[in-house]
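Close look at the chain arrangement
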Amino acid sequence: MRVHRSGTSLAGAALAALTLLLPLTLAGPAAAAQDPGARQVPARGSAFMGMGVAAHDGQGAKPAGLSIQAAQTEGVDVSSHNGNVDWGTLWNSGVRWAYVKATEGTYYKNTSFTQQYNGSYNVGMIRGTYHFATPDTTTGAAQADYFVNNGGGWSKDGRTLPGALDIEWNPYGATCYGKTQAGMVAWIRDFLDRYKYRTGRDAVIYTATSWWTQCTGNYGGFASANPLWVARYASDVGTLPAGWGYYTMWQYTSSGPTVGDHNHFNGDYSRVQALANG
């Protein structure tokens, strides 16, 4: 009888231990499956330009043709989530410039970079690269160095656009990466200063007005030097961040043909060339 009671006790203890461990085993994808409302945090490195725009600012109608300005030049932006891009189809559809994600933080390089960067160039496009900023992981200067060292450089060959800093909603955590507005402005300045020191060019700033307002206090001090690439998925560009009287590029949709992210350059093809030449 004593043996029987011991066995029952051991079985009960095992069941209790399993009960305690069960919530831990459900903390990953299984837990998310049981709670569809749980926030899905993507894997580090998977971020791409504009991934938070529709969720935070919504997505409306696309602009009606090119009548919004006297001249617009179509472009796209791509990252590893696009895989191998059909550049020939894009070129034939009228796309003339492209930005390719090069890096993120100081820990990730685009695994599709060669096909995307060389492929856009080989069909005749003017192309550049962008860096997805993670201000909560390392300094702006460290990320600028990582970017330049891994595809983010610039050369005056008439076909290379200056690097772009993609600064937007944090897909991995707190919207403003745990920084105060002043702290975010300082981080961005650190990146921009280092990028110009390394390349001789002022980087493009890609952002959305609502994020910029929330996380920098709508700081206007970069507008005199850094071209604005604004994100807004609507029929018009809307209000721009403080300081900028006009946009240089506008990401107007994430559901365009061939690849989702399509953009208007605010000017004809000669203006794209001018930005490339510096």
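Now for a quick tour of the structure. (Residues numbered from 1 in each chain as written. Predicted model: local features only at pLDDT ≥ 70, side-chain atom pairs only at ≥ 80, totals over all residues. Heavy atoms only, no water.)

A few points about the pattern of salt bridges
Test applied: Whenever a carboxyl oxygen of Asp or Glu lies within 4 Å of a side-chain nitrogen of Lys or Arg, that contact is scored as a salt bridge.
Enumeration over the complete set of coordinates arrives at six salt bridges. One salt bridge connects Asp202 with Lys196, and the closest N-O pair in it is separated by 3.4 Å. The salt bridge partner of Asp236 is Arg232, with a shortest N-O separation of 3.0 Å. Three or more residues are tied together by salt bridges with common partners; here these are Asp145, Arg194 and Arg198.

Details of the environment of Asp86
Our working definition: Helix and strand assignments follow DSSP, with helices taken as H or I runs no shorter than four residues and strands as E runs no shorter than two, numbered in order from the N terminus.
Here Asp86 is to be found in the loop between strand E1 (73–78) and helix H4 (87–92). The spatial distance from the C-alpha of Asp86 to the C-alpha of Ser120 is 9.1 Å, given a sequence separation of 34 residues.

A short note on helix H5 (residues 113–122)
Under the convention used in this document: Note on exposure labels: buried denotes an accessible area under 20% of the residue type's maximum, exposed denotes more than 50%, and partly exposed covers the range between, all computed with a 1.4 Å probe on protein chains only. By definition in these notes, contact holds between two residues if any of their heavy atoms fall within 4.5 Å.
Taken together, the buried positions of H5 are occupied by Phe113, Gln116, Tyr117, Gly119 and Ser120. On its buried side, H5 packs onto E1, H4, strand E2 (97–104) and strand E4 (126–132). In the stretch just after H5, Gly124 is the one whose phi turns positive, near 110 degrees.

Side note on the state of the cysteines
Threshold: When two cysteine sulfur atoms are found within 2.5 Å, that pair is recorded as a disulfide.
For the coordinates displayed, the defined rule picks out one disulfide. A sulfur-sulfur distance of 1.9 Å marks the disulfide that ties Cys176 to Cys215. Residues Cys176 and Cys215 are joined through a disulfide that is left-handed, its torsion about the S-S bond being -75 degrees. Highlighted residues: Cys176 in the loop between strand E5 (164–166) and helix H7 (181–199) and Cys215 in helix H8 (residues 209–216), separated in sequence by 39 residues.

Regarding the nonpolar core
Within soluble globular proteins, side chains that are nonpolar generally end up buried alongside one another. Our working rule: Buried Ala, Val, Leu, Ile, Met, Phe, Trp, Tyr and Cys residues that are joined via side-chain atoms within 4.5 Å together make up what is termed a nonpolar core.
Judged by nonpolar contacts, the single largest core of 66 residues is most densely connected at Tyr99, Ile167, Ile188 and Trp229. Sort the elements by how many residues they give to this core and H7 lands first, with seven residues.

Describing the packing of helix H6 (residues 140–149) against H7
Convention followed: Fitted lines through C-alpha atoms give the axes, limited to the stretch in contact for helices. The angle between two N-to-C directions lies from 0 to 180 degrees. Any angle that falls under 35 degrees is termed roughly parallel, while one over 145 is termed roughly antiparallel, one within 65 to 115 roughly perpendicular, and all others oblique. Less than a right angle of anticlockwise turn of the near helix away from the far helix marks a crossing as left-handed, whereas a clockwise turn marks it as right-handed.
The interhelical angle for the contact between H6 and H7, taken along N-to-C directions, is 40 degrees, at an axis separation of 7 Å. Between H6 and H7, the interaxial angle falls into the category oblique. Classified by chirality, the crossing of H7 by H6 is right-handed. Taking contact as the criterion, the partners of Gly140, Ala141, Gln143, Ala144, Asp145, Phe147, Val148 and Asn149 in H6 are, on H7, Trp187, Asp190, Phe191, Arg194, Tyr195, Arg198 and Thr199.

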